[in-house]
Protein chains: 2
Amino acid sequence: MNGAESLVKTMLDNGVDTCFANPGTSEMHFVAALDGHPEMRCILCLFEGGTSGAADGYARMSGNVAATLLHLAPGFGNAFSNLHNARKAGSGIMNIVGDHASYHLKYESPLKGDVEGVSSAVSHWTRTCDSARSVARDGAAAIAAARARGGQIATLILPANTAWDAGESAAIHPSLPALHRPSEAQIAAAADVLHQPGACLMIARDALYGPLFQLAGQIAHKTGCRLLADTAAARIERGGGAVQIEQLVYHIDGKLGQLSDARHLVLCGQHRPVAFFAYPGKPSLPEPAQCQVHPLCDPDMDIDWTLRALAKALGVAADEPIHKITLDLPDMPDGAVTLEKAGAAIAALMPENSIIVNESVTAGFALLSATRTARPHDLLITTGGAIGQCLPCATGAAVACPDRKVIALTGDGSAMYTLQSLWTMARERLDVVIVVIANCGYQILHGELLAVGVDSVGHNARRMFDLVDPMLDWVALAKGHGVPGARAASMEEFDSALSTGFETPGPYLIELVIPQE
Amino acid sequence: MNGAESLVKTMLDNGVDTCFANPGTSEMHFVAALDGHPEMRCILCLFEGGTSGAADGYARMSGNVAATLLHLAPGFGNAFSNLHNARKAGSGIMNIVGDHASYHLKYESPLKGDVEGVSSAVSHWTRTCDSARSVARDGAAAIAAARARGGQIATLILPANTAWDAGESAAIHPSLPALHRPSEAQIAAAADVLHQPGACLMIARDALYGPLFQLAGQIAHKTGCRLLADTAAARIERGGGAVQIEQLVYHIDGKLGQLSDARHLVLCGQHRPVAFFAYPGKPSLPEPAQCQVHPLCDPDMDIDWTLRALAKALGVAADEPIHKITLDLPDMPDGAVTLEKAGAAIAALMPENSIIVNESVTAGFALLSATRTARPHDLLITTGGAIGQCLPCATGAAVACPDRKVIALTGDGSAMYTLQSLWTMARERLDVVIVVIANCGYQILHGELLAVGVDSVGHNARRMFDLVDPMLDWVALAKGHGVPGARAASMEEFDSALSTGFETPGPYLIELVIPQE
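Residues numbered from 1 in each chain as written. Chains lettered and ligands numbered in written order. Predicted model: local features only at pLDDT ≥ 70, side-chain atom pairs only at ≥ 80, totals over all residues. Heavy atoms only, no water.

Asker: In this structure, what is going on with the pairing of strand 16 (residues 432-438) of chain A? I would like to understand it.
Answerer: Residues in a regular strand project their side chains so that they alternate between the two faces of the sheet. Residues and elements named next belong to chain A. Among the 7 residues of strand 16, 7 are classified as buried, and the element is accordingly described as predominantly covered. The two faces of strand 16 match: Val432, Ile434, Val436 and Ala438 on one face and Val433, Val435 and Ile437 on the other face are all buried. Judged from the 6 bridges that link them, strand 15 (residues 406-411) and strand 16 form a sheet pairing that is parallel. Bridge pairing in strand 16 places threonine 410 opposite valine 436. Inspection of the sheet shows strand 16 paired to strand 18 (residues 508-513) by 6 bridges, in the parallel sense. When the bridges of strand 18 are listed, alanine 438 appears paired with valine 513. (Buried < 20%, exposed > 50% of the residue type's maximum accessible area, 1.4 Å probe, protein only. Helix = DSSP H or I, 4+ residues; strand = E, 2+ residues; numbered from the N terminus. Pairing = 2+ DSSP bridges.)

See the structure below:
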C-alpha cells in the first residue's frame, strides 16, 4: 500500500467518507487510491472556493469532518475565503493539499509556492508529510485536529512522493484532548447574574440547535434572562416549535439599540460580540458601558458541559418549560415584488425540515423575518463575512442531508463569487432551490459608504457598486451549468417558480428581480 | 486630505492609473477618494481572481504597475492564485488591501483574519500602514517595490482608520535599487561557450519581445547557438517577422528530447529549467548530465545590461542579421473539428498585432503550432501553472492595449475557474475573442494519471476528471454575463464564428466542440 492508499484507508477507518475535490497532477496517486475505495464519496467542484464552502456546509449539517482535496498553494488560495468562513463557524475540515515531490522543491518550478505559508494564515493546524511511512499517522493526526476544540481547520500537505512511495497501514486517530471548561466559580457567578435585571445569555455553536438549544431555552425560562444569538450564527434552529431567541442585527446602530438595556452579557460558545466593521465615531462594542460582559465559555471550550453545569447550578428541572415560536404561516402574497413578500412566500411554501442558507447580504433581514414562524427548519449564515459562501455551503448541506430541501438565498453579487457550485448541484442531483436576489449590485456598499461618512456617490464608486451594464442573466447562467430556472418579476411569478422549485427534485434557480429605485 | 486621498494621489503622481477593483466596506474611503479622481481608471471585477489576473495581463502588456483593490484576508485569498501566476511572470502589481481599523482588530470580528500572513505567502513585499500620515509614503514604497527587480508583487494593507484619518500630501517613490548584474568574467565565459557545439541561449522576461529579443536573435545568429524559451513564458513575440526561437514543451519526456544534444545552457532572465512536476522514475531536470548550466542572469537581475554586454563581448554588429519567422498563412480548413485545424483557422484569420492569451492546457500545442507563422502577434502563457488565468489575463491585456485584438484560448476546465471575467469584458467593451475548447474535462489529468504510473481510470477518478453530466453550455454562460457567442461543432461553423468575432467590436465567445473518443 502506498502513502496515498494509507491515507484514504485512514480517512475511512476514522469515519471521514466524503471528499470535496478539485485535484491536479500532484494528487494523481491520491485520486488512484480513491478509485480503489468507492465507499469514499468524491464530489467534484469546478473551483476550490466551491470545495471549501461545501465542506463547511457539510460539516455544519453532518457534525462530521469533511475532507477537501486541493492542488498546491494556488489551489489552497482559491479555497482560502470559504475556509475563513468555516473557521469562524467551527466546522471541522481536513484539507489534503498535494505538493511537488520533496526532492523537486529545490528547483524553481512554475507551481512551486508557499503552501505552508498560505495554509497557516487560516488553518488551525498545518503539517507537511515527511515520508510515505508517516502519511497514515499524519492523516489520523489531521482528523483529530479537525475534530478538536469543537471543530478546526486542519491541513495536511502531501508531497507527491509521500503519496507514491510505500506507506504503512491505516492509523486510528489519538483521543482528543479534553475541552477546557469554566471553573465552578464562573458557573456560579454566571448563574447568579442570569437572575438579575438586564441579564442576557448569548449562545452559539452547538447551543443553537438540538438538545443544548432546548436546555438554553429552559435556562432562559427559569431565570427570565434574554436569550441572544450573534449576527453570524453558523447554524440555528428556527420555525414553529423552535426555541425563541433574539438575533443581533448586522448594523452597529441596530446592535446598540438591541443591547441598550443589557446589564449582564453571559457568553456561552462565543467571543464577545463586536461590530462587523469599525465606523468613524462609532463604537466597536455593541453593549452599553454599564453592561458587564462575562466570557463564560469560548467557542473552543466545552459548551455542552457548561450549559449543563449552568442548568444544574440554576436548578433547572427536566420539565422546565421553554418559550417557543408559534407556527404562523403567512398568506401567499401577490402584486409587485418586495423582499418582505418574497420572504412571506418562502415561509408559506417551504417544506418542514428545510435548510435555509442565507447570504442575501442587504436583503436578509426583510427576507428572513417571515420564515421565523414558518415550518421548522435550520438556518445557516455566512459566519466570516466573506461572500461567495452561500452556493457552496448549500451544496455541502444538501450532500449531508439528502432528505431535506435546501433553500439558498443569495444576493447577485455574492452568488457571482462561486457560481460554479451550480454545476456540482446539478451533477449530484442536490435538492436545492436557489433564490438569487437580483438587486443589481453590491447594495450593501451604498449603505456602507454612507455609514463611513461619505454622502455622495460619483462615477468611480457607482461603477464599483452597481452590477448593471450589462445586467447578469441568472437563468442563462443556471442553464449554462445544467440547472433549470426561472425569472420572477412579480409575486405571482415568484410564487409559481417557488412551487416548481419545491416540487421538483434536484436544483432549481429563481432570479428574483427587485425593482430599483 | 485623508489617508485614502493621499494614496490615490500618490498612485497617480507615480504613474499608476489603472485599478482592478473588488472593494468592500473597509475600502469605502478609498472608493470615495477614487471618486474624486476620475483620471484613475477603476475596473470592477466580480471576483478577486479576475482582479489579480487582469492586473497581471495589464502589467505584461503595458510594462506599467497595475493596482488592485481587495477586501481583507478572504479577498486577498481569492486573488492569491493569479498573484502566484503574476509573481512567476515578473509582473509589477500593487495590491491595496483594506483591513479593519487598527483599534478594531483586538476583537474577534467575523472578517478578522491574517492579512499579512496570506499576503506574505505570495507577495515579495508586504506592509501594513501604521497611521494615515504614513500612507502616502507607504504607497510610494509599494509602487517602488512593484517596480523593483524587474517586477514584483507588493501588498499594502490599509487599516480603515489609516484611510479616513488625516494624511499627508502625495509622495514620489524613491529611486529603485540598481539591478544586480553578472560579473565581466561571467559575461566573457558565457560569450565563450555560446560558440561551442551544443550551446543554447535560453532567454525570458523582457528578452522575449522588442529590442532585446532582436538582440538575442543577433547573438544567436552570430554565434550559431540555439535560442530557447521555457514552456511558461510570460510574453513572447511570434508570427511572421519575429525572431525564431524554440520553446520547451510541457512534458518532461519532450523536454528531454529537445535538450538531448545540449552541452551548454546559458540562462538569461530565468532560473534553470525544470520539469513542471516530478514523476516517479523520471528526472526533475530536462538537460542531459553532460550539459553544463550557466546561470548568467536570474529573472530579477539586469537582463537588458546582460544581453548588451554579451553582444558587445561577442562583437555583434548593429546590422547583424537575425533568423526570422517567415509569414505563412494556412488555408481555411473545413470538415470535422480538430485542434490542428482550429489553430489553422485562427492563424489564417487573426489580425496583425493580436495578443493571444493561451491556457488551453492539453490543446495548446496543436492549437498554437499554426499561429507560429501567422501575422505578427504577442503570446501570453500561464506562467505559474495555476489555472483560471486566461480570461482575467485577457481582460487586463485588452485594457492595456485597446487597439489590439485579444484572443483568449482556454480549456473548459480552466475557464470555469474565473468565468466572471466575461462580465468585465462586456462592461468595458473589451475586444476579446474567447475560444473555449470544450473537451469536457480536465483532459490533462487523464495523461497525468498515466504519467505517474496509474494505468486504469475508475469511477471516482472519472468523476473527478470529466466535465460531463451535465455538460456545460458555454453560449448560455456567456449570455448570462452579457457576452454574445456561438457554438461551433464543425470547422465551417468555427470559421464563421471566428470571422464574426474578429469583425465585431467587444467580447465574443466561441464554444469549440472537440469530438470525444
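Asker: Before we go on, may I ask you to explain the pattern of salt bridges in this structure?
Answerer: Opposite charge on two side chains makes pairing possible when the charged atoms of those side chains draw close. Residue and element names in this part refer to chain A. Per the counting criterion, the structure on display carries 42 salt bridges over all chains. Notably, a salt bridge pairs glutamate 108 with lysine 112, separated by 3.1 Å at the nearest N-O pair. Overall, the relative accessible area of 39% leaves glutamate 108 in the partly exposed class. Note on lysine 112: relative accessible area 23%, which makes it partly exposed. (Salt bridge = Lys/Arg side-chain N within 4 Å of Asp/Glu carboxyl O.)

Asker: When you look at the confidence of the model for chain A in this model, what are you seeing that I'm missing?
Answerer: In low-pLDDT regions, the fine details of the predicted coordinates are not to be read closely. Overall, the prediction assigns chain A a mean pLDDT of 95, with 100% of residues at 70 or greater. The complex prediction reports pTM at 0.98, with the ipTM value standing at 0.97. (pLDDT = per-residue confidence, 0-100.)

Asker: Explain the nonpolar core to me, please; I cannot follow it from the model alone.
Answerer: Soluble globular proteins tend to bury their nonpolar side chains together. Within the largest apolar cluster, 213 residues are counted, with the highest numbers of intra-cluster contacts made by A:Met11, A:Phe30, B:Met11 and B:Phe30. Contact partners of A:Phe30, with chain neighbours within four places excluded, come to A:Ala4, A:Leu7, A:Val8, A:Met11, A:Leu69, A:Ile96 and A:Leu158. (Core = buried A, V, L, I, M, F, W, Y, C linked by side-chain atoms within 4.5 Å. Contact = heavy atoms within 4.5 Å.)

Asker: Whenever I open this one, the sheet that holds strand 3 (residues 66-71) of chain A confuses me. Can you help?
Answerer: As a general point, the strands of a sheet are linked pairwise by backbone hydrogen bonds and lie either parallel or antiparallel. All names here are of chain A. The sheet built from 6 strands is open, its strands ordered 2-1-3-4-6-5 with parallel pairing. Looking at which strands have only one partner, the edges of the open sheet turn out to be strand 2 (41-44) and strand 5 (125-128). Neighbour to neighbour, the strand axes of the sheet diverge by 20° on average, direction disregarded. Note that strand 5 and strand 6 (residues 153-159) share 4 bridges and pair parallel. Bridge pairing links tryptophan 125 to alanine 154 in strand 6. The strands that helix 2 (residues 28-35) touches are strand 2, strand 3, strand 4 (93-99) and strand 6; relative to strand 3, the one it contacts most, it runs at about 140°. Against the sheet, helix 6 (residues 135-147) contacts strand 4, strand 5 and strand 6, and its axis sits at roughly 165° relative to strand 6. (Axes fitted to C-alpha atoms, helices over the stretch in contact; angles between N-to-C directions.)

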